[in-house]
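# Report on the structure
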Amino acid sequence: MKVGFIGIGLIGGSILKRLASCGVECFVFDNSNSVMNEAIRLKNVEKLTSFNNLDIILLSLPPQACENFIEENHTKIGTILICDVCGVKNHIQNLVNKYNLNYCGIHPMAGREVGGFANSKENLFNGANIVITTENPPQIIYEIIHLLGFGKIVYSNPDKHDKIISYTSQLCHIVSNAYAKNPLVLECDGFTGGSFEDLTRVGKMDSNLWVELFDKNRDNLICDIDNIIKELQKYYDCLNSGDNQKLKQLIEEGSNLLQKQLKNRF
């Protein structure tokens, strides 16, 4: 198996380290020469100079950079399988359809609060979920998923993927980021525990990347933000009016839904 990597940040670098350690022939290109030079020091890793003889091209880039790469290189890609790990899929799916490329979309449900190749980890995906957004994925995708150590494969399509990811990921990042804007955030040292840490963990973001992700999924995200504003307003109204009975009901409704979600997960 020969895998070409375009971009080796946190996700791409973690995939690279794991596959290379498993003996897979890996070829890399990154805009940062220092990152690329660090990567080719790994066993089974070389600099990517051509698409010839590759079995798969893995794009680990921000959404717009993925689209730019496809636009600029679609005639060179030919029948080689192209795969991306972007957090939004509709725009990329539409583009590969335009050029009739051999494509499979995947989205690893794993990450860290820090990015870049320096923070990539060979075991990042152990036991994690991975979403496949293409029908009838080729066997090589399953081989790679197995080597990376994923625990569960979830099948979807670009529309459904983007709708659910808006709720399970993008909205969480926005809420976490907004939550941090309370002036008390700078005075809470010694007062924080698991609740604060859980709610703020994903609030620190690479603004360039996340603006792209939010923008390319804006319709879904607007609906989700609208919904959470409406739900928060209900809690506000109960507190403002002193309606503890209604407040109790709201808390129980949310708790029961989370309990059902937990049961479904296992």
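Above: the structure in question.
Please read these numbers as outputs of a predicted model, since none were measured by experiment.

### Digging into the pairing of strand β7 (residues 129–132)
Alignment of strand β6 (residues 103–109) against β7, held across 4 bridges, turns out to be antiparallel. Across the sheet, the residue bridging to Met-109 is Asn-129, located in β7. Note that β7 and strand β8 (residues 152–155) share 4 bridges and pair parallel. In the sheet register, Asn-129 faces β8, and the bridge partner there is Lys-152. This β-α-β element, β7 to helix α5 (residues 139–148) to β8, shows right-handed connectivity.

### Examining a nonpolar patch on the surface
Residues Val-175, Tyr-179 and Leu-199 make up a contiguous nonpolar surface patch of about 230 Å² in total accessible area. Here Leu-199 shows up in helix α7 (residues 194–200).

### Overview of empty space enclosed by the protein
The rolling of a water-molecule-sized probe over the atoms marks out the regions of remaining empty space. All told, the structure shown has 1 cavity of 30 Å³ or more when counted by the stated rule. In this structure, the largest cavity encloses a volume near 60 Å³. For the largest cavity, the full set of lining residues is Ile-15, Leu-19, Ile-56, Leu-58, Cys-83, Ile-106, Ile-141, Ile-144, Ile-145 and Leu-148. Secondary structure elements with two or more residues in the lining of the largest cavity: α1 (10–21), β4 (56–59) and α5. Among the residues forming the lining of the largest cavity, the class breakdown is 10 nonpolar, no polar and no charged.

### Some details on the packing of aromatic side chains
Using the criterion set out here, one finds 4 aromatic pairs in the structure. Between the aromatic rings of Tyr-179 and Phe-196, the centroid separation amounts to 6.1 Å while the plane-to-plane angle is 55 degrees, which identifies the pairing as tilted. Here the residue Tyr-179 occupies a position in helix α6 (residues 158–179), and Phe-196 occupies one in helix α7, the gap between them amounting to 17 residues. Relative accessible area serves as the criterion here: at 39%, Tyr-179 is assigned to the partly exposed category. For the pair Trp-210 and Phe-214, a centre-to-centre distance of 5.6 Å together with 50 degrees between the ring planes defines the contact as tilted. Linking Trp-210 with Phe-214, this pair stays in helix α8 (residues 207–215), spanning 4 residues, or about one helical turn. Accessibility classification places Trp-210 together with Phe-214 in one group, the buried group.

### Looking at the pattern of salt bridges
Side chains carrying opposite charge are able to pair once their charged atoms draw close together. Using the criterion set out here, one finds 7 salt bridges in the structure. Taking the shortest distance from any N to any O, the salt bridge between Glu-67 and Lys-216 comes out at 3.1 Å. Linking Glu-67 in helix α3 (residues 63–77) with Lys-216 in the loop between α8 and α9 (218–241), this pair joins segments that are 149 residues apart in sequence. For the pair shown, Glu-67 and Lys-216 are each scored as buried. Two residues, Lys-234 and Glu-231, come together in a salt bridge whose shortest N-O distance is 3.1 Å. With Lys-234 and Glu-231 both in helix α9, this residue pair falls 3 residues apart, about one helical turn. Here Lys-234 falls in the partly exposed class, since its relative accessible area comes to 37%. Overall, Glu-231 belongs to the partly exposed group, its relative accessible area being 29%.

### A short note on the environment of Ile-141
By the secondary structure assignment, Ile-141 is in helix α5. With a relative accessible area of 3%, Ile-141 lands in the buried category. Residues Ile-141 and Leu-54 lie 87 residues apart in sequence; the distance between their C-alpha atoms is 14 Å. Discounting residues that sit within four places of it in the chain, Ile-141 has contacts with Ile-56, Leu-81, Cys-83, Cys-104, Ile-106 and Ile-132.

Reading the values: rules and limits
- Residues numbered from 1 in each chain as written.
- Predicted model: local features only at pLDDT ≥ 70, side-chain atom pairs only at ≥ 80, totals over all residues.
- Heavy atoms only, no water.
- Pairing = 2+ DSSP bridges.
- Helix = DSSP H or I, 4+ residues; strand = E, 2+ residues; numbered from the N terminus.
- Right-handed = clockwise from strand over helix to strand, strands pointing away.
- Patch = residues over 30% accessible without salt bridge, like charges linked within 9 Å, V, L, I, M, F, W, Y side chains within 5 Å.
- Areas by Shrake-Rupley, 256 points an atom, 1.4 Å probe, with all protein chains shown as cover.
- Salt bridge = Lys/Arg side-chain N within 4 Å of Asp/Glu carboxyl O.
- 1 Å grid on protein atoms, 1.4 Å probe; cavity = no way out; pocket = protein on both sides within 12 Å on 5 of 7 lines; lining within 4 Å.
- Points joined across faces, edges and corners; volume = space filled by probe spheres on them.
- Nonpolar A, V, L, I, M, F, W, Y, C, P; charged D, E, K, R; others polar.
- Phe/Tyr/Trp six-rings, centres within 6.5 Å; stacked < 30°, edge-to-face > 60°.
- Buried < 20%, exposed > 50% of the residue type's maximum accessible area, 1.4 Å probe, protein only.
- Contact = heavy atoms within 4.5 Å.

Limitation: the analysis is restricted to geometry and does not speak to function.
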